[in-house]
Amino acid sequence: MKIKINADVLKEFEYMIELHKQHGATSEFESVEQLIRYILSSVADGSRRPGAWERQMLDSMGLVADCEEHHIYRQTYGSPG
């Protein structure tokens with residue numbers, strides 16, 4: 001899969017990496033690719049784990065489906081069926 005990122009968004013991610021390298025961070029990344037991988041994994045984790053800190057991010061972004069299934073913990077990724 002390939003994802004195209006808006007040039008301004010890419011600049012912001014590059015700046016975040018620059019700040020991490022200069023000043024450190026709780027989660028430090030060496031590249032934009034590592035940062036994006038972490039962000040996408042966090043979204044996926046929030047989707048399958050309703051009690052996780054990542055779920056708050058999904059709630060804030062309006063990414064939680066309005067159904068009971070999306071409020072049930074799943075140990076693995078993907079559809080439980």
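For the structure itself, consult the block above.
This write-up is about the structure you can find in this document. Keep in mind it's a predicted model, so treat the numbers as computed, not measured.

**Remarks on helix α2 (residues 32–48)**
Next up, step 1: Over its 17 residues, α2 runs 25 Å from end to end, which matches the ideal 24 Å to within 8%, given 1.5 Å per residue.
Next up, step 2: All of the buried residues in α2 are V32, L35, I36, S42, D45, G46, S47 and R48.
Next up, step 3: Where the residues of α2 are buried, they touch α1 (7–23) and α3 (53–61).

**Some points on the environment of S41**
Next up, step 1: Relative to the elements of secondary structure, S41 occurs in helix α2.
Next up, step 2: Relative accessible area serves as the criterion here: at 34%, S41 is assigned to the partly exposed category.
Next up, step 3: The sequence separation of S41 and V64 amounts to 23 residues, and the corresponding C-alpha distance is 16 Å.

**Remarks on the side chain of S42**
Next up, step 1: Mapped onto the elements, S42 comes out in helix α2.
Next up, step 2: We classify S42 as buried; its relative accessible area is 5%.
Next up, step 3: For S42, the contacting residues outside a window of four places in its chain are W53, E54 and M57.

**Some words on a nonpolar patch on the surface**
Next up, step 1: On the surface, M1, I3 and L40 cluster together to form a nonpolar patch covering roughly 400 Å² of accessible area.
Next up, step 2: Mapped onto the elements, M1 comes out in the segment before α1.

**Side note on the nonpolar core**
Next up, step 1: F13, I17, F29, V32, L35 and I36 together form the largest nonpolar core, which totals six residues.
Next up, step 2: Those elements giving two or more residues to this core turn out to be α1 and α2.
Next up, step 3: By residue number, the principal contributor to this core is α2, which donates three residues.
Next up, step 4: Each residue touching V32, except ones within four places of it in the same chain, is listed here: L10, F13, E14 and I17.

About the criteria used
Residues numbered from 1 in each chain as written. Predicted model: local features only at pLDDT ≥ 70, side-chain atom pairs only at ≥ 80, totals over all residues. Heavy atoms only, no water. Helix = DSSP H or I, 4+ residues; strand = E, 2+ residues; numbered from the N terminus. Expected span 1.5 Å × (residues − 1). Buried < 20%, exposed > 50% of the residue type's maximum accessible area, 1.4 Å probe, protein only. Contact = heavy atoms within 4.5 Å. Patch = residues over 30% accessible without salt bridge, like charges linked within 9 Å, V, L, I, M, F, W, Y side chains within 5 Å. Areas by Shrake-Rupley, 256 points an atom, 1.4 Å probe, with all protein chains shown as cover. Salt bridge = Lys/Arg side-chain N within 4 Å of Asp/Glu carboxyl O. Core = buried A, V, L, I, M, F, W, Y, C linked by side-chain atoms within 4.5 Å.

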